[in-house]
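# Inside the fold
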Amino acid sequence: MSNLTRLTMHVPAFLPPAMGPDKKDDEGGGGPNTGLITKTRPKTKKPSLYRVLLLNDDYTPMEFVVWILQRFFNKNQDDALQIMLHVHQNGVGVCGVYSYEVAESKVTEVLDAARQNQHPLQCTMEKE
């Protein structure tokens, strides 16, 4: 039995005909470096963060702003008072920094609560 015949007999049955022993490596045949598929992982980046801001107005009671900060931003009494005073004195203040979806939800909650209580309080978000 010749070497070629012996080699043909040992070709595994699962190889397609194009990868048999008659093909050379440079022809795309079944050489030792073919058939390996690598999957690259895409680089993940951290999501952008957004500041939720309260805007000062001359009509919303300070107590309501403190309640908003405690209710929707989980601020304690002292932190809520500090932020409220900052908004009152500077015209704008940061309530917190969140991912886009969370920030958007917080803005909506604040605006809804303000409207339900008939206050013109404005809340917005900006990319950090």
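From a predicted model like this one, the values you see are computed outputs, not experimental measurements.

### Considering the pairing of strand S1 (residues 49–55)
In this sheet, strand S2 (residues 92–99) lies alongside S1 in antiparallel orientation, the contact comprising 7 bridges. Of the residues in S2, the one forming a bridge with Leu 53 is Val 94. Alignment of S1 against strand S3 (residues 122–127), held across 6 bridges, turns out to be antiparallel. Bridge assignment links Val 52 to a residue of S3, and that residue is Met 125.

### Observations regarding the packing of aromatic side chains
Evaluation of the coordinates by the stated rule reveals 4 aromatic pairs. Judged by centre distance (5.2 Å) and plane angle (75 degrees), the ring pair of Tyr 50 and Tyr 100 falls under edge-to-face. Taken together, the positions of Tyr 50 in strand S1 and Tyr 100 in helix H4 (residues 100–116) put the pair 50 residues apart, joining distant regions of the chain. Given a relative accessible area of 16%, Tyr 50 falls into the buried group. Both rings, one in Phe 73 and one in Tyr 98, keep their centres 6.4 Å apart while their planes meet at 40 degrees; by these two values the pair is tilted. One end of the pair, Phe 73, is in helix H2 (residues 62–73); the other, Tyr 98, is in strand S2, and 25 residues separate them in sequence. Since its relative accessible area comes to 18%, Tyr 98 is described here as buried. Grouping aromatic residues by their ring pairs yields a cluster made of Phe 64, Trp 67 and Phe 72.

Parameters at a glance
Once a new chain begins, its residue numbering starts again from 1 and follows that chain's sequence as written. Totals for whole chains, interfaces and linings use all residues, but because this is a predicted model, local features are given only for residues with pLDDT of at least 70 and pairs of side-chain atoms are given and counted only at 80 or more. Side-chain numbers come from the whole structure's heavy atoms, not from hydrogens or water. Here, a strand pair is defined by DSSP locating no fewer than two bridges between the strands. A run of H or I in DSSP counts as a helix once it spans at least four residues, and a run of E counts as a strand once it spans at least two, with each numbered from the N terminus. Here the aromatic set is Phe, Tyr and Trp, taking the six-membered ring for Trp, and pairing holds for ring centres within 6.5 Å; pairs whose planes are under 30 degrees apart are stacked, those over 60 apart are edge-to-face, and all others are tilted. Classification of residues uses two cut-offs on accessible area relative to the type maximum, computed with a 1.4 Å probe and protein chains only: under 20% is buried, over 50% is exposed, and between them is partly exposed.

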